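Descriptive structure summary
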Amino acid sequence: MIKFIYQKIGILLFLFTLSVQAYGQNRTITGKITDQSGDPVPGTTVLVKGTTIGTAADLDGNYSLSAPQSGVLVFSFIGFVPQEVTIGNQSIINIKLALDLSDLEEVIVVGYGTVKKSQLTGAISSVGSKEIGELPITDARQALQGRASGVDVTQAGSKPGAAPQVRIRGRRSFNAGNDPLYVVDNIPIAGGINDLNPQDIVSMEVLKDASATAIYGSRGANGVVIITTKRGKVGKTVVSVDSYYGVNSSLGRIENFNGEEFAEYKRESRRANNQYTTDEALFEPNELESIRLGRSFDYIDALTRTGNIQSHQVGVSGGSDKTTFYISGNFFNDVGVVKNQDFSRYSFRANIDHKINDKIRIGTSTLTTYSERNGENFNPLGGALQENPLGKTFNDDGSINFQPTQDGLRTNPLAEIVPGAQVDLQKRYRIFNSIYGVYDIAPGLSYRMNFGPDITIRRYGRFTGRQTNARRGGDPTASIQEEFQFNYTLENIISYTKTLKEAHTFNFTGLQSLQKDNREFSNINVLGVPAASQLWHRLNDASQITSVETNLIQWTLLSFMGRLNYDYKGKYMFTATMRADGSSRFGENNRFGYFPSVALAWNLGDENFIKDNNFIDQLKLRTSYGAIGNQGIDPYQTQPLLARTSYAFGNTAAFGYRPNTIGNPNLRWETSTTANAGLDFVLSQGRISGTLEYYVTTTSDLLAPQPLPNSTGFGGFTTNVGKTQNRGIELTLSTINIDRRGFRWSTDFIFNRNREEILELSNGDDIGAGRFIGQPITVFFDWKKLGIWQTNQADEALTFSDRVGEIRIQDTNGDGRINADDRQVLGSPVPDFSGGITNRFSYKGIDFSFFVFGRFGSMIQSAFHTGGFNALAGRYNNLAVNYWTPDNPTNDYPRPNQNQEFPKYSSSLQYFDGTFLKVRNINLGYMLPANVAAKLGMESLRIYSSVQQPFIFSEYRRIHKGIDPETFIDGEQGVEGGVINSNIAPAVTQYTFGINARF
């Protein structure tokens, strides 16, 4: 890796260096450590050979320690050749370190092992603690956005506790899931990583091609994210305190009409049919009073606030030659900008490694968390957008007026946030362990056992009181959902490494793995809770139980894997993997799937015709091909299931059971084959480095529901149908732009371009499911809006049975009429390309960075611009759009008309260019000089301030009065793929202040 990166790592290592100790006849040694150009090498470790006495160079490369005259000082730093100097009579020892290009590379976690980047054969992206620590994030996956090539991370809105969506090299499947596998401390997990504290993570590796993911088999069908948490190091105990606090404010909002605009909009809706006479005949008394007083109430503003975010963590690490440890405790809290939405998490981690003897090592990683989330399924902004701003919001005594107008379907949105009116609370407990034991059987031969028990307990309670829009004075409702999930993974791994004639290195890894999941679920819904204070705690007191559901879902995965790595003098590398997975989700005939992969790599930089080139430090070509299976369907799809039914047994009512689903015992594995070619390079003494990738992934035997005629009595069944393909280019580029006299400027750039396409469907285009051959998996299929019929087009409008002021639709097939046949594929939420760029600057103790991310060429569907939010009927409040009138002949939106529920062809109004560019993060920090920190009783102290998402540049926001155009590609969390709706909280700008202290 490049020199600058290792220098920054060295500064971090400085926080953990050993304190100076003395023994025997000691003397004080001082000096300065520089590189060949004379620049300081901060963080260089200085140790007395054979002891634990040592120190580290400060930011200017200076060091000082007490050591015996007979001692030997060892100077070492990653990326430089170590040096040894005998002390003797010297009291000043200056050192000039030589660059070691052979060591300028990362060690990459590849699954069941590690490998130097120069020896890597698969496609892997890596994100370290530096990138993770730059962002105050709730979920570690957020740090991957724009930082890892081939990874598309989307975060819709700012709802506290909401998880981002991750897609690696596009989507492959219709119904078998597109989420990657997450592996935490060697354990593949099934319960998600929402509970993981990002500040405990040291690195995240993203495995992308079949060669890299094949070792995880079916679970890695959509890519793998390997997460490694922090561990202790031999040396003195180090205490770290990392803390920040920030405030959030809405970055724009959906704009609806104010009182004056609403009044004119309501009048225009009557003028369209010559029904407007006077305000007195049109408006009710409360509205007339508001018009007369100039009164208008902004419900959106009243339902939002200035939020805040905070995180406080204490970590303790250290250890001896026998035992090392890392222990941390963290409190995280995110209070959203929408009232009644917040998330808090308490987490504790203990990572312990112990060496029993020279052959046996054991260890554990234990994570315990408790979290509370309010408002997961609550967002009052949708109702507020429709509420009449001319209503009387408060009674004369200042209390909330539950019905501000005479409209019986609308109630006061402020009633939704009255304490106790709406309670939406989820409590979650998680205990996750990674336990291992290693036995070094013989030189090069070792056995490892991994055991990962994972327990999740979730309790979700929901209460809706009388004085809410959902109940409108009716009996309160309540529900409770409880879930207990126990998942464990047991792995037995054998590894053997052998080098022959100092040229041929063989490494074999064999694996037997068992993963079992047990999920118990219960749900009760009631009507008529007698006292609001009971919430969901005494459902037996309710007047009616409306539904009860309990369930047990189990699945098991049995796997065998073998991987062979061959390395010839570090020049030529070969990897072959075979994985066999047996899944209980498939029938006996197709239970096992077999997935091979091969990869080749050639280090051209070691060849004589390149080795003497002073510009090229490293150059490597890679290619791989392999197959991976996907088992991501719900269990029991192969079996016909029953459901209860009621019938008359003579004159007596009785219950029985009827066929409910059609089982498909012939279901087989969905299979993805990937061909990948890559180029890794390091140039100009490490100042330029990067990776270029090209891949093609073809997925066949797609697992998807197949519809059946209703006359069969079944809606459909799951089967294997269709084929998809993803083709893409990825570029990762890192540069050291300036590195002189203490000032450094580096840039990291990521570019992703993926083409997602359906190649085959069983019966051609499936319009009902929205799937079309040659198009991405998700597309928007609808009429195309050309504009608004203008006055001079009245005759032409009549030929299409339209009127002036209504939406003009493209006659796609040219038959002179508009119907379903004129719909077309308008676009897709899949972007043409995306990218991120991070610039970092440092000068002595000052560091500054900013990160910009963008997605380009996608289409989004804005539910705010159609349906009830843009009905243009003059009854409810409306999005503040530029609508057509005789005096305002716009082509943007049609004329309001009270004689319509929605405008004709209103669905065509909701499609927009989803392109955006975001300034994700701006960070400014200062590391206090070591002597100042020492006076404060610390080894080091860094203070910093950051701004998250201060700017979003987007046509959807600038022109169409939208909010954040960033959307999920696949539907989840109450939001469909590519859609923006009222379940999404507004985008926010966040200002944080924090410290990083070491003791």
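Predicted model only: the values in this text are computed from it and were never measured.

In this section: the overall build of the protein. Helix and strand content of the protein: 12 helices and 49 strands. What you see for the protein is a C-alpha radius of gyration of 32 Å, in line with the 30 Å of a compact globule of 999 residues. Each principal axis of the C-alpha distribution contributes one length, and for the protein these read about 105 × 70 × 65 Å. Taking contacts inside the protein between residues at least 6 apart in sequence as the whole, the part at least 24 apart equals 69%. In the form shown here, the protein has an accessible surface area of approximately 41,400 Å², with 54% of it arising from carbon and sulfur atoms. Taking the average location of the 96 positive side-chain charges in the protein and that of its 98 negative ones, the two points are 5 Å from each other.

So, about the nonpolar core. If you look at the biggest cluster of nonpolar residues, it comprises 50 residues, and the most contacted ones within it are F864, Y883 and I980. Where this core is concerned, the elements lending two or more residues are α4 (259-271), α7 (299-303), α8 (381-386) and β40 (807-809). Top contributing element to this core by residue count: α7, with 4 residues. If near-sequence neighbours (up to four positions away) are discounted, F864 is found in contact with I254, L385, F869, N870, L879, Y956, I963, I980, N981 and S982. By size, the runner-up hydrophobic cluster in this structure holds 25 residues, among which are V127, A140, I201 and V225.

This paragraph deals with the sheet that holds strand β7 (residues 95-96). Adjacent strands of a sheet pair through backbone hydrogen bonds, lying either parallel or antiparallel. Judged by pairing direction, the sheet is mixed, and its 3 strands sit side by side in the order β4-β1-β7 without closing on themselves. Edge positions in the sheet fall to β4 (62-68) and β7, since each has one partner strand and no second. Where strand β1 (residues 26-34) meets β4, 7 bridges bridge the pair, whose relative direction is antiparallel. For R27, the partnering residue across the bridge sits in β4 and is A67.

With that settled, the discussion passes to the pairing of strand β21 (residues 360-374). Relative to β21, strand β20 (residues 342-355) is paired through 14 bridges, and the arrangement is antiparallel. In the sheet register, F343 faces β21, and the bridge partner there is R373. Two elements, β21 and strand β22 (residues 422-442), share 15 bridges in a ladder whose sense is antiparallel. Within the sheet, the bridge partner assigned to G363 lies in β22 and is Y436.

The next thing to look at is the side chain of S834. For S834, the position within the fold is in strand β42 (residues 833-843). By relative accessible area, S834 is classed as buried at 6%. The contacts of S834, once residues within four sequence positions are left out, are I750, F751, N752, F853, G854 and R855.

With that settled, the discussion passes to the environment of N273. Within the secondary structure, N273 is located in the loop between α4 and α5 (279-282). Along the sequence, N273 and I193 sit 80 residues apart, while their C-alpha atoms lie 57 Å from each other. Beyond its immediate sequence surroundings of up to four residues, N273 is in contact with R803, N897, Q898 and N899.

On to the sheet that holds strand β16 (residues 224-229), then. An order of β10-β15-β16-β13-β14 is seen for the 5 strands of this open sheet, with the pairing classed as mixed. The open sheet has two free edges, formed respectively by β10 (124-128) and β14 (187-189), since each of these has just one partner strand. Ignoring strand direction, the axes of neighbouring strands in this sheet form an average angle of 25°. Pairing of strand β15 (residues 201-207) with β16 involves 6 bridges; the strand directions are antiparallel. Following the sheet pairing, E205 is matched in β16 by I226.

Here we take up the environment of M927. As for its position among the elements, M927 is in strand β46 (residues 916-927). Through-space distance from the C-alpha of M927 to that of T306 is 30 Å; in sequence the pair is 621 residues apart.

Among the surface-exposed residues, Y439, I441, I494, Y496, L500, F506, F508 and L564 lie close enough to one another that they form a single nonpolar patch of about 630 Å² accessible area. Every element with two or more residues in the nonpolar patch is listed here: β22, β24 (477-500) and β25 (504-527). By secondary structure assignment, the location of L500 is in strand β24.

About the thresholds
- Residues numbered from 1 in each chain as written.
- Predicted model: local features only at pLDDT ≥ 70, side-chain atom pairs only at ≥ 80, totals over all residues.
- Heavy atoms only, no water.
- Helix = DSSP H or I, 4+ residues; strand = E, 2+ residues; numbered from the N terminus.
- Rg over C-alpha atoms; globule rule 2.2 N^0.38 Å.
- Contact = heavy atoms within 4.5 Å.
- Areas by Shrake-Rupley, 256 points an atom, 1.4 Å probe, with all protein chains shown as cover.
- Lys, Arg positive; Asp, Glu negative; His and termini not counted.
- Charge placed at Lys NZ, Arg CZ, Asp CG, Glu CD.
- Core = buried A, V, L, I, M, F, W, Y, C linked by side-chain atoms within 4.5 Å.
- Buried < 20%, exposed > 50% of the residue type's maximum accessible area, 1.4 Å probe, protein only.
- Pairing = 2+ DSSP bridges.
- Axes fitted to C-alpha atoms, helices over the stretch in contact; angles between N-to-C directions.
- Patch = residues over 30% accessible without salt bridge, like charges linked within 9 Å, V, L, I, M, F, W, Y side chains within 5 Å.
- Salt bridge = Lys/Arg side-chain N within 4 Å of Asp/Glu carboxyl O.

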